[in-house]
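This is what each chain is made of:
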Amino acid sequence: MGKRNESNQSSRRGVERSYLRLYFRKQQQQEALPQVKPLEKSENAWKMVTLSEKNINDLEVKLKLCKVKDILNELTLENSKILADQIVDIGIEDEETLKDIVKEIFDKAIDEPNFGCLYAKLCQYINEELPKKQKWVNIRDTNNNIFRKFLLNLCQEEFENNKDNRWSDNDDNEKPVCEMTDEEKLEYSRKQSKRIKKKRRSLGNIRFIGELYMCQIITQKIIRFCFRTLFHQLQEPDEESVEYLCLLFRTVGNKVESQKINCF
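Remember, predicted model here, so these are calculated numbers, not experimental data.

**As for the overall build of the protein**
At step 1: What the protein contains, in helices and strands, is 9 helices and 0 strands.
At step 2: Counting from the amino terminus, helix and strand elements in the protein follow one another as α-α-α-α-α-α-α-α-α.
At step 3: Counting every position in the protein, which comprises 264 residues, the buried fraction comes to 33%.
At step 4: In the protein, of all internal contacts separated by at least 6 residues, the share reaching a separation of at least 24 is 73%.
At step 5: When the accessible surface of the protein is totalled, it reaches about 18,700 Å², and 50% of it is carbon and sulfur.

Right, here's the structure in full:
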């Protein structure tokens, strides 16, 4: 037993000596290192930011708009009711959010005129169902609601801007494309791209107005105003006026004729 105790004590002393050697070696290394200058804080240093209630609300609105964009991208005739319900139930609690959502739907509709009927039916469904779930959307003492009001305001604004959005003004070209320099071709390409976008939006709005009339969101009074405005522009006819009028007739002509609406 005595020998075993002596052996244990000597092994403990050996371990202690090893730890001491490591400790002193580390101290020597630290003393040998040069002094390091403390880090200085820069003006744009990262700081933890606490979101205010307004920032949180803005973030929620952006998330809702992103969801609406995804819904519009997936919209088809087969799934239109399911996706329309998702928009109605998305949680529209104030006018600004509703206005932004209406703008998303409107821009999508006039940028894709071939699907104007689909987006008009979507608006018809939202116009009927949203006031049932969000009572504040209804306008007091009227049969109107804020959704329809925002939508028609956008249609009217775009329709009135058609006089300034003349795409045919860019048709005249000083020389053929084959004779242009690279810079002139680039500028010409930009003008053509802008012209095509302007034409698509203008015609898309006329088509959308017609489809909204077919869905009974736009009244006879409004459609008569559109026809009379376009007929008046024919006193000095241009490409835009003729094409607007033809497109509106193609969209609503059968209904206008069946209801014997006087457009003049």
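**Things to note about the environment of Asn 162**
At step 1: On the secondary structure map, Asn 162 appears in the loop between α6 (146-161) and α7 (182-214).
At step 2: For Asn 162, a relative accessible area of 5% gives the class buried.
At step 3: The spatial distance from the C-alpha of Asn 162 to the C-alpha of Ser 241 is 9.1 Å, given a sequence separation of 79 residues.
At step 4: Contacts of Asn 162, omitting those with residues within four sequence positions, involve Ser 202, Ile 206 and Tyr 244.

**Focus on helix α3 (residues 80-88)**
At step 1: Leu 83, Ala 84, Ile 87 and Val 88 are the residues of α3 that are buried. For α3, the angular spread of buried residues about the axis comes to 150 degrees, placing them on one side.

**Some points on unusual backbone geometry**
Phi is mostly negative for residues that are not glycine, and the peptide bonds are mostly trans.
At step 1: Unlike most non-glycine residues, Gln 216 shows phi in positive territory, near 65 degrees.
At step 2: One can find Gln 216 in the loop between α7 and α8 (220-233).

**Some thoughts on the pattern of salt bridges**
One side chain can pair with another of opposite charge once the charged atoms of both are near each other.
At step 1: This structure, assessed with the given rule, holds 13 salt bridges.
At step 2: A salt bridge links Asp 111 to Arg 201, with the nearest nitrogen and oxygen atoms 3.7 Å apart. Remark: Arg 201 occurs in helix α7 and Asp 111 occurs in helix α4 (residues 95-111); sequence separation between them is 90 residues.
At step 3: Judged by its relative accessible area of 30%, Asp 111 is partly exposed.
At step 4: Salt-bridge contacts for Lys 199 lead to Glu 243; the nearest nitrogen and oxygen are separated by 3.9 Å. Placement of Lys 199 in helix α7 and of Glu 243 in helix α9 (residues 239-258) is noted, with a sequence separation of 44 residues between them.
At step 5: A relative accessible area of 23% means that Lys 199 is categorised as partly exposed.
At step 6: Taken together, the shared-partner salt bridges connect Lys 103, Asp 107, Asp 111, Glu 158 and Arg 201 into one network.

**A closer look at the nonpolar core**
At step 1: By size, the foremost hydrophobic cluster in this structure holds 55 residues, and its most contacted members are Leu 122, Phe 147, Phe 208 and Leu 212.
At step 2: Contributions of two or more residues to this core are made by α2 (53-74), α3, α4, α5 (116-133), α6, α7, α8 and α9.
At step 3: With residues near it in sequence (within four places) discarded, Phe 208 still touches Phe 106, Ala 109, Ile 110, Gly 116, Tyr 119, Ala 120, Cys 123, Leu 151 and Cys 155.

**What about the packing of aromatic side chains?**
At step 1: In this structure the tally under the stated criterion is 5 aromatic pairs.
At step 2: An aromatic cluster of three or more residues is present, and its members are Phe 227, Phe 231 and Phe 249.
At step 3: Over the face of the ring belonging to Tyr 213 we find Lys 255, whose NZ or CZ atom lies 4.5 Å from the ring centre.

**Details of the packing of α5 against α7**
At step 1: Between α5 and α7, the shortest axis-to-axis distance is 9 Å and the interhelical angle comes to 50 degrees. By the angle between their directions, the pair α5 and α7 is classed as oblique. Regarding α5 and α7, the two cross each other, and that crossing is right-handed. Here Gly 116, Cys 117, Tyr 119, Ala 120 and Cys 123 of α5 come into contact with α7, specifically with Phe 208, Glu 211 and Leu 212.

Cut-off values and rules
Residues numbered from 1 in each chain as written. Predicted model: local features only at pLDDT ≥ 70, side-chain atom pairs only at ≥ 80, totals over all residues. Heavy atoms only, no water. Helix = DSSP H or I, 4+ residues; strand = E, 2+ residues; numbered from the N terminus. Buried < 20%, exposed > 50% of the residue type's maximum accessible area, 1.4 Å probe, protein only. Contact = heavy atoms within 4.5 Å. Areas by Shrake-Rupley, 256 points an atom, 1.4 Å probe, with all protein chains shown as cover. Arc of directions from axis to C-beta. Salt bridge = Lys/Arg side-chain N within 4 Å of Asp/Glu carboxyl O. Core = buried A, V, L, I, M, F, W, Y, C linked by side-chain atoms within 4.5 Å. Phe/Tyr/Trp six-rings, centres within 6.5 Å; stacked < 30°, edge-to-face > 60°. Lys NZ or Arg CZ within 6 Å of the ring centre and 35° of its normal. Axes fitted to C-alpha atoms, helices over the stretch in contact; angles between N-to-C directions. Parallel < 35°, antiparallel > 145°, perpendicular 65-115°, else oblique. Left-handed = near helix turned anticlockwise from the far one by under 90°.

These values are about where atoms sit, not about what they do.
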